[in-house]
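Tertiary structure, described
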Amino acid sequence: MNTVIDFLKTRRSVKIPNLVEPGPSHNQIEEMLKIASRIPDHGKLAPWRFIVFEGDSRKAAGELLKKAYAAEHPDEKDEERLNFEVRKFTLAPLVIAVVSSIKDGKPEWEQILSAGVACYNLELAAAAMGFSSDWLTEWYSYSDAFHDLMGLAPNERFAGFINIGTAAKKPAERERPSLDQIVTYWKS
Ligand SMILES: Cc1cc2nc3c(=O)[nH]c(=O)nc-3n(C[C@H](O)[C@H](O)[C@H](O)COP(=O)(O)O)c2cc1C
């Protein structure tokens, strides 16, 4: 079988507990980001950007997650619960946030779609290099406090956090919709 078709037919996300070391090298990260930004983009607006959390910067970002969580849950006094957030970005070897960054000029909807494509192309690039990934939004993609702590502009929002590492085990297949549920052949 054509290897690209086979690759696309078998790709699967891997849940964070099963994303282990080794993660990608610096050169592999750069290569992934080039591929993630080589995508359909109406009007060459580049309506997205990437924030890379690697090594110790994952823990530092986790401290901001804790801060945002505490701001949104002022009654939460359980330090263990708050510290749970600090570890979030250290669970996988690498986390890359894809930020949708809306530019003037073309419809916002198209720019948001393009950010989703950036997320998926990043996952495909990681998979093609032998890694696995998990695209998460979690609570913090929708947190105004985290948005501000991470320095996102008013025209920006998180499209996702792509967690990347080596699969500890092969994931089971996931049920997919059958084509008769989702496809119509239009007849006039
Ligand atoms: C925009 C978006 C956000 C997602 N956020 C989460 C999330 O926060 N938590 C989660 O468990 N899965 C989340 N998922 C689902 C997984 O990333 C993954 O797509 C799903 O498990 C299907 O696996 P597959 O990639 O093997 O088809 C999200 C998917 C998308 C497209």
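Residues numbered from 1 in each chain as written. Predicted model: local features only at pLDDT ≥ 70, side-chain atom pairs only at ≥ 80, totals over all residues.

Moving on, we get to the site of the ligand. Near the ligand, the surroundings consist of Arg 12, Ser 13, Asp 134, Trp 135, Leu 136, Thr 137, Glu 138, Gly 160 and Arg 174. The element best represented in the shell around the ligand is strand S4 (residues 132-136), accounting for 3 residues. (Near = placed C-beta within 6 Å. Helix = DSSP H or I, 4+ residues; strand = E, 2+ residues; numbered from the N terminus.)

In this structure, Pro 22 follows Glu 21 across a cis peptide bond, with omega equal to 0°. One non-glycine residue, Lys 44, lies in positive phi territory at about 50°. Its place among the elements puts Lys 44 in the loop between helix H2 (26-36) and strand S2 (48-54). Non-glycine residue Glu 138 carries a positive phi angle of around 50°. Counting through the fold element by element, Glu 138 comes out in the loop between S4 and helix H6 (144-149). Since 14 C-beta atoms lie within 10 Å of it, Glu 138 is described here as partly exposed. (Buried ≥ 20, exposed ≤ 12 C-beta atoms within 10 Å, placed from the backbone.)

Formed by 34 residues in total, the largest nonpolar core has its most connected members in Val 95, Ile 96, Val 98, Ala 118, Leu 122, Ala 159 and Ile 164. Ranked by residues supplied to this core, first place goes to helix H5 (residues 108-128) with 7 residues. Filtering out sequence-adjacent residues up to four positions away, Ile 96 remains in contact with Phe 50, Val 52, Leu 122, Ile 162 and Ile 164. (Core = buried A, V, L, I, M, F, W, Y, C linked by C-beta atoms within 7 Å. Contact = placed C-beta atoms within 7 Å.)

Between the first and last C-alpha of helix H3 (residues 57-72) there are 23 Å, a value that for 16 residues agrees with the 22 Å anticipated at 1.5 Å per step. For H3, the complete set of buried residues consists of Arg 58, Ala 61, Gly 62, Leu 65, Ala 68 and Tyr 69. Along H3, the residues classed as buried sweep out an arc of 115° about the axis, all on the same side. Among the structural elements, S2, helix H4 (79-86), strand S3 (94-101) and H6 are those in contact with the buried residues of H3. (Expected span 1.5 Å × (residues − 1). Arc of directions from axis to C-beta.)

Turning next to the environment of Gly 62. Position of Gly 62 among the secondary structure elements: in helix H3. Look at Gly 62 and you get buried, because 21 C-beta atoms sit within 10 Å. Taking the C-alpha atoms as reference, Gly 62 lies 29 Å from Arg 38; in sequence the two are 24 residues apart. Gly 62 has contacts with Glu 85, Val 86, Arg 87, Lys 88, Phe 89 and Thr 90, leaving out every residue within four places of it along the chain.

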